[in-house]
Amino acid sequence: MNHIVSFCMAAVAGAAMALQGTFNTAAGKVIGIGENTLLVHLIGAATMALILLFGFGKGDWSKITEIPWYGYLGGILSAVIIFAVISGMSA
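What you are looking at is a predicted structure, and each value in this text was computed from that prediction instead of being measured.

Details of helix 1 (residues 3–31)
Turn by turn, an α-helix covers 3.6 residues, leaving residues three or four places apart pointing in a common direction.
Right, so step 1: Across its 29 residues, helix 1 extends 41 Å between first and last C-alpha, which sits within 8% of the 42 Å expected from 1.5 Å per residue.
Right, so step 2: Largest kink in helix 1: about 30°, centred on Q20.
Right, so step 3: Listing the buried residues of helix 1 in full gives G21, N24, T25 and G28.
Right, so step 4: Contact partners of the buried residues in helix 1: helix 2 (33–53) and helix 3 (73–90).
Right, so step 5: One side-chain oxygen of the residue at the start of helix 1 lies 3.0 Å from the amide nitrogen of I4, identifying that residue as N2.

See below:
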């Protein structure tokens with residue numbers, strides 16, 4: 001990936017992260033923090049499934065068993081981060 005594309009992707013990620021907490025907090029106030037954390041991850045999983053179905057993935061699912069055990073902690077940390085942000089912003 002060239003430097004311009006990398007810079008643009010970083011900018012998009014930063015803007016999305018800035019908005020995500022506000023959006024998640026708004027939904028969490030309506031349905032609950034834990035419930036919204038689950039909803040966010042389900043919507044995210046569905047979005048990534050669509051992205052992969054359209055051929056944007058370049059990985060290899062056959063290597064999933066080669067991931068070290070700590071490689072799976074990212075999913076746990078993602079849930080903790082989103083739950084903590086919603087909780088903090090709701091206070």
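The rest of the description comes next.
Focus: the environment of N2
Right, so step 1: Position of N2 relative to the elements: it lies in the segment before helix 1.
Right, so step 2: Its relative accessible area of 47% is what places N2 among the partly exposed residues.
Right, so step 3: Sequence separation of N2 and F83 is 81 residues, and the distance between their C-alpha atoms is 34 Å.
Right, so step 4: At 3.0 Å, the side chain of N2 forms a polar contact with the backbone nitrogen of I4.

So, how was this worked out
- Residues numbered from 1 in each chain as written.
- Predicted model: local features only at pLDDT ≥ 70, side-chain atom pairs only at ≥ 80, totals over all residues.
- Heavy atoms only, no water.
- Helix = DSSP H or I, 4+ residues; strand = E, 2+ residues; numbered from the N terminus.
- Expected span 1.5 Å × (residues − 1).
- Bend = angle between axes of the 7 residues up to and from the residue.
- Buried < 20%, exposed > 50% of the residue type's maximum accessible area, 1.4 Å probe, protein only.
- Contact = heavy atoms within 4.5 Å.
- Polar contact = N/O pair within 3.5 Å; in protein donor to acceptor, adjacent residues only side chain to side chain.

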